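One-letter residues, chain by chain:
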Amino acid sequence: MTEAVPDSGDEQSVAADLVGRIARGDAAAETELWNRYSRGLLFLLRRRTGDPDLADDLRQETFRIALEKLRTGGLADPGRLAAYLRGIAVNLVTGDWRKRFRRNTSPDSDIVAAAGDDSSNPMDEVSRQQIAAAVAELLNELGVTRDREILRRFYVDEADKAQICGELDISPTHFNRVLFRAKQRFRTLLLREERIGKLELVE
Amino acid sequence: MDRNYVIENELVDRYLRGDLSDEESAAFEEFYLSDQETLAELELADKLEAGLKDAAERGRLAKPSRQDWFVRAVTSPQWAAAASVLLVLSLSYTGMLQRQLGSTPDVAAPQLVPLIATRSATPATVISNVSDGWVVLLVDPGFEPYSDYRAAVLDRDGETIWVAGGLRPGYEDYLAVGVDGSILDPGRYDLVVHGRSGSADFAEISRTAFEVR
């Protein structure tokens, strides 16, 4: 179900079209709904829950609830479909935390279980290794110590941009360029690691 | 909200750090749910942050040592800017001139112009009042480090009117290309940068348009 999302027009008109077609029973439109929003919803849910498995469950539930409503044509503002989906997802996260908090406080509670080891998912572990390899290569390639320092202070120490620029005596433009170039290079290195990973799987 | 707003307000990094208000965060989340480009950028930045934190935990991202003070001193903006301009002026006088200079111009302080690359065909950088002195075009040489850079200015017909070689990144890692302003008639130009490593051939790195008025 993870097909490429076509870039077809502005969000409001695409959303309204999808809503209309789903209400008319168009099954292909339901697939397009998933393709268009599922990746973004998963990212949002992962950030809010910190739990990849829970995020995936809540994503499924979000779509189930949304489709139930959309099939009956009940969306007041079809152009605001993204806001509607986001609202469902956020409410599910809030509802889930309340349920877990109320359940019990024993050491063996589901909260402890849910907050367990993130690396239990083998695909996440592979991804972590690929990221680590790409970052290691990126740091090796950074010839300027100051650039490594910028990345370290911004991403690891979480210092803010103005503070970093002041302490390292660099302009905000230069700061932006260092980050932009690092991200571009990281993207290339990560794609390479992912390709290597896929080749190893095939072999 | 649109992609330009996201870029101009640095929403990706600010969102990941929790620096957006609840309202901004909600609006941004609604936007990226359907904007694949922004979502890809978010995922990448998230992974980079996670990777760097992991590297720091494993001791692979050490803080700089005290000995780095010397490196910092000679790469400080003031030192680097002065060195870059001197290097540019000295190299540019040995560059190839396609037009005869009428008389030696009064060399006023050079005009420093950072060139901005855009995706559209319209040059983002416009330079005025160039006839009186030197223009130093500052351009980002990109991430790949090369041992040697050269740059050429092409007019709108694609003819090379200026070449500078032996360039090295200087002030804030820019390449500084000095051009005699008197050869820049009003019009559109391209600055083409080539780089090479060792004895390999030069390869084009970037081509940035600018306009003179």
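All of these numbers come straight from a predicted model, not from anything done at the bench. (Residues numbered from 1 in each chain as written. Chains lettered and ligands numbered in written order. Predicted model: local features only at pLDDT ≥ 70, side-chain atom pairs only at ≥ 80, totals over all residues.)

A. Structural view of the overall build of chain B. For chain B, the count of helices and strands is six helices and eight strands. Of the regular secondary structure in chain B, the N- to C-terminal order runs α-α-α-α-α-α-β-β-β-β-β-β-β-β. Residues counted as buried form 31% of the 213 residues belonging to chain B. Residue pairs at least 24 apart in sequence account for 66% of intrachain contacts in chain B once pairs closer than 6 positions are excluded. (Helix = DSSP H or I, 4+ residues; strand = E, 2+ residues; numbered from the N terminus. Buried ≥ 20, exposed ≤ 12 C-beta atoms within 10 Å, placed from the backbone. Contact = placed C-beta atoms within 7 Å.)

B. Representation of the interface of chain B and chain A in the model. Residue-level contacts link 35 residues of chain B with 41 residues of chain A. Secondary structure elements with two or more residues in the side of chain B that touches chain A: helix H3 (22-32), helix H4 (36-57) and helix H5 (68-74) of chain B. When residues in the side of chain B that touches chain A are grouped by element, the largest group, 16 residues, is from H4 of chain B.

C. Fine view of the sheet that holds strand S7 (residues 187-196) of chain B. All names here are of chain B. The strand order S2-S8-S7-S4-S5 describes an open sheet built from five strands, whose pairing is mixed. Since the sheet does not close on itself, it has two edges, and those belong to strand S2 (125-127) and strand S5 (160-167), each with one partner. Averaged over neighbouring strand pairs, the angle between their axes works out to 25° when direction is ignored. Where strand S4 (residues 148-154) and S7 come together, seven bridges link them in antiparallel fashion. Residue pairing for S7: aspartate 148 is matched across the bridge by arginine 196. (Pairing = 2+ DSSP bridges. Axes fitted to C-alpha atoms, helices over the stretch in contact; angles between N-to-C directions.)

D. How the structure looks around the confidence of the model for chain B. All names here are of chain B. The predicted model of chain B averages 78 in pLDDT, with 73% of residues at 70 or higher. The spread of mean pLDDT over the elements of chain B runs between H5, the lowest at 45, and H3, the highest at 95. Every residue in residues 66-82 is under pLDDT 50, and counting partners more than four places away or in other chains gives twelve contacts. Between residues 98-105, whose pLDDT stays under 50, and residues either more than four places distant or in other chains, the model counts eight contacts. Here the predicted complex scores 0.68 on pTM and 0.82 on ipTM. (pLDDT = per-residue confidence, 0-100.)

E. Highlighting the packing of helix H2 (residues 27-49) of chain A against helix H3 (residues 52-71) of chain A. All names here are of chain A. It is at 9 Å that the axes of H2 and H3 come closest, and there the two elements cross at 140°. Here H3 runs oblique to H2, going by the angle between their axes. Every pair of crossing elements has a handedness; the one defined by H2 and H3 is right-handed. Contacts from Glu30, Trp34, Ser38, Leu41, Leu42, Leu45, Arg46 and Thr49 of H2 reach H3 at Pro52, Leu54, Ala55, Asp56, Leu58, Arg59, Thr62, Phe63 and Leu67. Classifying every residue of the contact of H2 with H3 gives ten nonpolar, three polar and four charged. (Parallel < 35°, antiparallel > 145°, perpendicular 65-115°, else oblique. Left-handed = near helix turned anticlockwise from the far one by under 90°. Nonpolar A, V, L, I, M, F, W, Y, C, P; charged D, E, K, R; others polar.)

F. Spatial organisation of the nonpolar core. One finds Leu18, Leu41, Leu81, Leu85 and Ala89 of chain A to be the most contacted residues of the largest nonpolar core, which totals 31 residues. For this core, the elements supplying multiple residues, two or more each, are helix H1 (11-23), H2, H3 and helix H4 (81-103) of chain A together with helix H2 (11-16), H3 and H4 of chain B. Residue contributions to this core peak at six residues, all from H4 of chain A. Ignoring sequence-local partners within four residues, the contact set of leucine 81 of chain A consists of Ala15, Leu18, Val19 and Leu75 of chain A. Counting residues in each nonpolar core, the second largest holds 28 residues, with Trp134, Val136, Val139 and Val153 of chain B among its members. (Core = buried A, V, L, I, M, F, W, Y, C linked by C-beta atoms within 7 Å.)

G. Region of interest: the pairing of strand S8 (residues 203-212) of chain B. All names here are of chain B. Across three bridges, S2 lies against S8 in parallel orientation. Its bridge partner lying in S8, isoleucine 127 is registered against valine 212. Here S7 pairs with S8 via nine bridges, running antiparallel. Looking at the pairing, histidine 194 lines up with glutamate 204 of S8.

H. Structural context of unusual backbone geometry. Its identity as a non-glycine residue notwithstanding, aspartate 169 of chain A has a phi of 60°, on the positive side. In this fold, aspartate 169 of chain A is placed in the loop between helix H8 (161-168) and helix H9 (172-202). Residue class for aspartate 169 of chain A comes out partly exposed when judged on the 13 C-beta atoms lying within 10 Å of it. Phi at glutamate 10 of chain B takes a positive value of approximately 50°, unusual for a residue other than glycine. Residue glutamate 10 of chain B is classed as partly exposed on the basis of its C-beta count, with 14 C-beta atoms lying within 10 Å.

I. Expanded view of the sheet that holds strand S3 (residues 134-139) of chain B. Residues and elements named next belong to chain B. Across the sheet, three strands lie side by side as S1-S3-S6; this open sheet has mixed pairing. A strand with exactly one partner marks an edge of an open sheet, and here the two such strands are strand S1 (111-114) and strand S6 (175-180). Each neighbouring strand pair of the sheet contributes to a mean axis angle of 25°, computed without reference to strand direction. Looking at chain direction, S1 and S3 are connected through four bridges and run parallel. Bridge assignment links valine 113 to a residue of S3, and that residue is leucine 137.

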